[in-house]
Amino acid sequence: MNIKDAQYMKDIEGKKIDLIKATVDDKVWFIPLDEGNRHYAEIQRQVADKKLTIKEAD
Amino acid sequence: MSKAAELAALIANVNKGSSLANKNLVINGAFTVHQRKAINTTSTENDNYATADRFKPSASNTDNLAITQQVTNSSAPVGFENSYKFVVTTAESALASDELFRIMHFIEGLNLQHLNYGISSAKRVTLSFWVRSSLTGTYAVSIYAGSGNKIIGSTYTISSADTWEKKEITFVGDTAQAITNDNTEGLRLNWILMAGSDYTSGSNTSWGSYAASKLAYGHTAAWGQSTDHDFYLAGVQLEVGEKATEFEHEPYETTFLKCARYYFKNLAPVYTTQYGSNAICTTEYPVPMRNTPSLSVVSGTSPTSFAAHNVVPYASMYVYHASSTGDAIANYQADAEL
């Protein structure tokens, strides 16, 4: 899975982080912070392997 | 098989714990559902869900191999309309020991509890499928169980090139390891098409701890090393019992809704309304998804943000993007695949 441009996103109230916006295989996805989600699990793996960093939310 | 033999096999399986309906543990085994691509439309993705729902190719460490995958109605065995087709477009020039190409199908643990794994009455299952390839030879197929990180495998032979053949393989149940009763991976079916020696050296004829060396045990077919190679799969069924019975054809909507638990592409226009400085909308999935899905806009306005709340178990979602007025988001896709 080719993942790039990962960034945390805040909820609609702008109070808490509730997802990651990332480009996965050349498509923009909004990914929940849920270990059962395959995209999030892969992001966690790539972060642990130091292949990916996640930018802070704006 | 004669009708009498079919009936006897069916009765034998029912006596072993199978059922007369919903007996197929594989979803979309007839390849009728292909939300990601239209029929006969190819994808060059070799490591992702891209055409057939619920079936995923996986390439490991390949440095040359390029393929196309598609759901096609150009060739299928009698009784089926569609098949899942792979064509080699760039051959793997020299098969290294760590190279692997396979087709996978994941089955959720919630749907496998009747197999009684982990106790002495663990049930046998029979995998049946139609296969066609330009390359004859011995191919491996294996079942991986995520709960205990275990594996079992077998092989089948393609005897005639470019000819549909039906294969049937029975696997014993794992009496030592239960399948976790949740929405995570329960079993994974692996059809091996190409495997280097790292994946073929470990004996894998009974349930045992997973090792990569067992994944393709017995596989010798040198698929993928020529652009002459193709591979088709159709009529995939995994059922309780020691006999393969006739494929269970389902109404399209039944299979579609089963698939939608894992992936759903919304084709209806979605319109948003203004909420403060945002445009929002709510919509529901056709069925509760397996887990909180990832979301992506298929076409239309790309939102600056896109959120899902209370998706499981409520099957609802909430989309927004910064806007002073409501905008339309034409289509979205939701992915909760294993």
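Because the structure is predicted, anything quoted here is derived from the model rather than measured. (Residues numbered from 1 in each chain as written. Chains lettered and ligands numbered in written order. Predicted model: local features only at pLDDT ≥ 70, side-chain atom pairs only at ≥ 80, totals over all residues. Heavy atoms only, no water.)

1. Looking at the overall build of chain A
1) Next: The secondary structure content of chain A amounts to one helix and three strands.
2) Next: The C-alpha atoms of chain A give a radius of gyration of 11 Å, which matches the 10 Å a tight globule of 58 residues would have.
3) Next: Along the first, second and third principal axes, the C-alpha set of chain A runs to 30 × 20 × 20 Å.
4) Next: Counting only contacts in chain A whose residues sit at least 6 apart along the sequence, the fraction spanning at least 24 positions is 31%.
5) Next: Total accessible area on chain A is roughly 3,400 Å²; 44% of this is exposed by carbon and sulfur atoms.
6) Next: Across chain A, the 11 positively charged side chains and the 12 negatively charged ones have centroids separated by 2 Å. (Helix = DSSP H or I, 4+ residues; strand = E, 2+ residues; numbered from the N terminus. Rg over C-alpha atoms; globule rule 2.2 N^0.38 Å. Contact = heavy atoms within 4.5 Å. Areas by Shrake-Rupley, 256 points an atom, 1.4 Å probe, with all protein chains shown as cover. Lys, Arg positive; Asp, Glu negative; His and termini not counted. Charge placed at Lys NZ, Arg CZ, Asp CG, Glu CD.)

2. Some words on the confidence of the model for chain A
1) Next: Residues of chain A with pLDDT of at least 70 account for 100%, and the chain-wide mean is 91.
2) Next: Least confident of the elements in chain A is strand E3 (residues 27–32) of chain A, whose mean pLDDT is 89; most confident is helix H1 (residues 38–48) of chain A, at 97. (pLDDT = per-residue confidence, 0-100.)

3. Let's talk about the confidence of the model for chain B
Low-confidence regions, as indicated by low pLDDT, have predicted coordinates that should not be scrutinised in detail.
1) Next: In the predicted model, chain B carries a mean pLDDT of 90, and the fraction of residues at 70 or more is 89%.
2) Next: The ipTM, which scores confidence in the relative placement of chains, is 0.95 for this predicted complex, and the corresponding pTM is 0.92.

4. Describing the domain arrangement of chain B
Note on interface size: it is often stated as the accessible area lost on association of the parts.
Residue and element names in this part refer to chain B.
1) Next: Each domain of chain B was delimited in the assignment, giving domain 1 (3–258) and domain 2 (263–335).
2) Next: If you sort the residues of domain 1 by the area they bury against domain 2, Gln35, Arg36 and Asn183 come out on top, with a joint share of 64%.
3) Next: Our enumeration of links across domain 1 and domain 2 arrives at zero salt bridges.
4) Next: Taken together, the residues that form the side of domain 1 that touches domain 2 break down as two nonpolar, three polar and three charged. (Domains from an automatic or database assignment. Buried area = accessible area lost by both parts, 1.4 Å probe. Salt bridge = Lys/Arg side-chain N within 4 Å of Asp/Glu carboxyl O. Nonpolar A, V, L, I, M, F, W, Y, C, P; charged D, E, K, R; others polar.)

5. Some thoughts on the sheet that holds strand E7 (residues 150–158) of chain B
Pairing between the strands of a sheet comes from backbone hydrogen bonds, and it takes one of two forms, parallel or antiparallel.
1) Next: Strand order across the open sheet formed by six strands is E1-E4-E9-E6-E7-E10 (chain B), with antiparallel pairing between neighbours. Only two strands of the sheet have a single neighbouring strand rather than two, namely strand E1 (55–60) and strand E10 (208–209) of chain B. (Pairing = 2+ DSSP bridges.)

6. So, the interface of chain B and chain A
1) Next: Counting residues at the interface gives 29 residues for chain B and 21 residues for chain A.
2) Next: Linking chain B with chain A are one salt bridge.
3) Next: Of the charged contacts, one joins Arg38(A) and Asp335(B) as a salt bridge, the two residues approaching to 2.7 Å between their closest N and O atoms.
4) Next: The tally of links between chain B and chain A comes to nine residue pairs in polar contact (both at pLDDT 80 or more).
5) Next: Contributing elements (two or more residues each) for the side of chain B that touches chain A: strand E15 (278–284), strand E16 (294–299), strand E17 (316–322) and strand E19 (331–335) of chain B.
6) Next: At five residues, the largest contribution of residues to the side of chain B that touches chain A is made by E16(B).
7) Next: Counted by class, the side of chain B that touches chain A contains 13 nonpolar, 10 polar and six charged residues. (Polar contact = N/O pair within 3.5 Å; in protein donor to acceptor, adjacent residues only side chain to side chain.)

7. Things to note about the sheet that holds strand E8 (residues 165–171) of chain B
Residue and element names in this part refer to chain B.
1) Next: Spatial strand order, E2-E3-E11-E5-E8: five strands in an open sheet with antiparallel pairing. For this open sheet the edge positions go to strand E2 (66–72) and E8, each flanked by a neighbour on one side alone. Shown here is a sheet whose adjacent strand axes are inclined to one another by a mean of 25°, direction ignored.
2) Next: Relative to E8, strand E5 (residues 125–133) runs antiparallel, the two being bridged by seven bridges. Directly across from Trp130, in E8, lies its bridge partner Lys166. (Axes fitted to C-alpha atoms, helices over the stretch in contact; angles between N-to-C directions.)

8. Quick word on the layout of surface pockets
Here the idea is plain: a probe the size of a water molecule rolls over the atoms and shows the empty space left.
1) Next: Quantified by volume, the largest pocket comes out at close to 610 Å³.
2) Next: Taken together, 24 residues line the largest pocket, and the ones lying closest to its centre are Arg38(A), Arg45(A), Lys56(B), Phe106(B) and Leu338(B).
3) Next: For the lining of the largest pocket, the secondary-structure elements that each account for two or more residues are H1 of chain A together with E1, strand E4 (100–108) and strand E9 (185–195) of chain B.
4) Next: Its residues assigned to classes, the lining of the largest pocket shows six nonpolar, six polar and 12 charged.
5) Next: When its volume is computed, the second largest pocket comes out at roughly 380 Å³.
6) Next: If you go around the second largest pocket, you meet 19 residues; those closest to its centre are Trp29(A), Arg36(B), Glu45(B), Tyr49(B) and Gln333(B).
7) Next: Mapped onto the lining of the second largest pocket, the elements with two or more residues apiece are E3 and H1 of chain A together with strand E12 (263–266) and E19 of chain B. (1 Å grid on protein atoms, 1.4 Å probe; cavity = no way out; pocket = protein on both sides within 12 Å on 5 of 7 lines; lining within 4 Å. Points joined across faces, edges and corners; volume = space filled by probe spheres on them.)

9. Side note on unusual backbone geometry
1) Next: The phi dihedral of Lys50(A) is positive, around 60°, even though this residue is not glycine.
2) Next: With respect to the element layout, Lys50(A) can be found in the segment after H1.
3) Next: Backbone geometry at Asn116(B) places phi at a positive 60°, although glycine is not the residue there.
4) Next: Topologically, Asn116(B) is positioned in the loop between E4 and E5.
5) Next: Classification of Asn116(B) as partly exposed rests on a relative accessible area of 24%. (Buried < 20%, exposed > 50% of the residue type's maximum accessible area, 1.4 Å probe, protein only.)

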